[in-house]
Amino acid sequence: MTATAAFVVEAVPRPTLPVDGERGVFPVRRVYCVGRNYAAHAREMGHDPDREPPFFFQKNPDSLAHDGTFPYPPMSRDVHHEIELVVALKGGGGDIPVEEALDRVYGYAVGLDMTRRDLQGEAKKLGRPWDTGKAFERSAPCSPLVPASRIGHPDKGRVWLEVNGEPRQEGDLAQLIWTVPEVIAYLSTLFTLAPGDLVMTGTPAGVGAVKRGDVLKGGVEGVGVIEVRVV
Ligand code: MN
């Protein structure tokens, strides 16, 4: 008898994210995303931000990409950028109190929740899941993580995105409807969180379509910058 059973098919390696200034990498377990977490973006998508509790969807861990390119995905003619603060967990659990939520945070990154808006729109209309609109291949370009031990826990700061040097998205972490600790606490009532989980915290107003050749450059003040070319 062996201690570890052999895999019966190829075991695909676990996705990881680089960490700024560290040789070690962050092992990714799950990627949670918050929908409509900035009032101005909720309004631009046709919703009333005052009457909605937070809601969540997931991307696949292997949707993450950090090589500076975003391959335009198949089956869509309307792919949108969504610049977001990404939270990386070093601890987890269920029913985490808001006051303890930040103790679970390892660090932060800047991510793009790339979205096949046409497929998402069709899914919404038909009451179907969002996966085809949100969780496709390489749909989550992400900057290297920065440990909270270095930058603290940002709760204000500019969130922005330019396409080919033209301003597109603009907001501030202070405008989050549900703050980072509140999102972690709320998520932990629905799922058991664990080290390696990422949370994409939602996007400010100004989302829009991209095309091949576009250069997306965005950032979160105090966290970092991401630059991605659509190929
Ligand atoms: Mn998003």
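For the structure itself, look to the data block above.
Now for a quick tour of the structure.

The rules behind each value
Residues numbered from 1 in each chain as written. Predicted model: local features only at pLDDT ≥ 70, side-chain atom pairs only at ≥ 80, totals over all residues. Heavy atoms only, no water. Helix = DSSP H or I, 4+ residues; strand = E, 2+ residues; numbered from the N terminus. Rg over C-alpha atoms; globule rule 2.2 N^0.38 Å. Buried < 20%, exposed > 50% of the residue type's maximum accessible area, 1.4 Å probe, protein only. Contact = heavy atoms within 4.5 Å. Areas by Shrake-Rupley, 256 points an atom, 1.4 Å probe, with all protein chains shown as cover. Lys, Arg positive; Asp, Glu negative; His and termini not counted. Charge placed at Lys NZ, Arg CZ, Asp CG, Glu CD. Pairing = 2+ DSSP bridges. Polar contact = N/O pair within 3.5 Å; in protein donor to acceptor, adjacent residues only side chain to side chain. Salt bridge = Lys/Arg side-chain N within 4 Å of Asp/Glu carboxyl O.

As for the overall build of the protein chain
Thought 1: Counting its secondary structure elements, the protein chain contains five helices and 18 strands.
Thought 2: Here the C-alpha atoms of the protein chain give a radius of gyration of 17 Å, agreeing with the 17 Å that 2.2 N^0.38 yields for 231 residues.
Thought 3: C-alpha extents for the protein chain along the principal axes are approximately 60 × 40 × 40 Å.
Thought 4: A burial count over the protein chain gives 49% of its 231 residues as buried.
Thought 5: In the protein chain, 76% of the contacts between residues at least 6 apart in sequence involve partners at least 24 apart.
Thought 6: Within the structure as shown, the protein chain displays about 11400 Å² of accessible surface, and the carbon and sulfur contribution to it stands at 53%.
Thought 7: Across the protein chain, the mean location of the 26 positive side-chain charges is 4 Å away from that of the 31 negative side-chain charges.

Here's the deal with helix α5 (residues 180-190)
Counting along an α-helix, one turn takes 3.6 residues, and residues three or four places apart therefore face a common direction.
Thought 1: All of the buried residues in α5 are Val180, Pro181, Val183, Ile184, Ala185, Leu187 and Ser188.
Thought 2: Contacts made by the buried residues of α5 are with β3 (31-35), β4 (55-59), β8 (83-89), β9 (105-112) and β15 (198-200).

Looking at the environment of Ala205
Thought 1: Relative to the assigned elements, Ala205 resides in the loop between β15 and β16 (208-209).
Thought 2: When the C-alpha positions of Ala205 and Trp160 are compared, they lie 9.6 Å apart, and in sequence the two are 45 residues distant.
Thought 3: Those residues in contact with Ala205, other than ones at most four positions away along the chain, are Ala40, His41, Glu44, Arg168, Gln169 and Glu170.

Re the sheet that holds strand β13 (residues 158-163)
Thought 1: The strand order across the open sheet built from five strands is β6-β18-β17-β13-β14, with neighbouring strands paired in mixed fashion. Single-partner strands in this sheet number two, and they are β6 (69-70) and β14 (166-172).
Thought 2: Examined bridge by bridge, strand β17 (residues 215-220) and strand β18 (residues 224-230) share six bridges and lie antiparallel to one another. The residue of β18 that forms the bridge with Gly219 is Val225.

Observations concerning the pairing of β14
Thought 1: Across six bridges, the pairing between β13 and β14 is antiparallel. Looking at β14, one finds that Val159 is bridged to Gly171.
Thought 2: Connecting β13 to the antiparallel partner β14 that follows it, the hairpin turn spans two residues, and Asn164 within it adopts a positive phi of roughly 50 degrees.

Some thoughts on the side chain of Ser63
Thought 1: Among the secondary structure elements, Ser63 is positioned in the loop between β4 and β5 (64-65).
Thought 2: A polar contact of 3.4 Å, which involves the side chain of Ser63, links it to the backbone oxygen of Phe136.
Thought 3: Setting aside chain neighbours within four positions, we find Ser63 in contact with Ala135, Phe136, Arg138, Ser139 and Ala140.

Quick look at the sheet that holds strand β10 (residues 115-116)
Thought 1: If you walk across this open sheet you meet the three strands as β10-β7-β16, and the pairing is antiparallel. Only two strands of the sheet have a single neighbouring strand rather than two, namely β10 and β16.
Thought 2: Two strands pair when backbone bridges link them, and strand β7 (residues 79-81) and β10 are joined in this way by two bridges, in the antiparallel orientation. Paired with Val79 across the strands is Arg116, a residue of β10.

Here we look at the environment of Val79
Thought 1: Mapped onto the elements, Val79 comes out in strand β7.
Thought 2: The spatial distance from the C-alpha of Val79 to the C-alpha of Leu119 is 9.3 Å, given a sequence separation of 40 residues.
Thought 3: Setting aside anything within four residues of it in sequence, one finds Val79 in contact with Phe70, Tyr72, Pro73, Met114, Thr115, Arg116, Gly208, Ala209 and Val210.

With respect to the pattern of salt bridges
Thought 1: Applying the stated criterion across every chain yields a total of 10 salt bridges.
Thought 2: For Arg29, the salt bridge is made with Asp197, and the minimal N-O distance between the two is 2.8 Å. With Arg29 in the loop between β2 (25-27) and β3 and Asp197 in the loop between α5 and β15, this residue pair connects regions lying 168 residues apart in the sequence.
Thought 3: Judged by relative accessible area, which is 27%, Arg29 ranks as partly exposed.
Thought 4: Between Lys134 and Asp113 there is a salt bridge, and its shortest N-O distance comes to 2.9 Å. Residue Lys134 is found in helix α3 (residues 131-134), and its partner Asp113 is found in the loop between β9 and β10; the two are separated by 21 residues along the sequence. Across the pair, Asp113 and Lys134 agree in class, each one buried.

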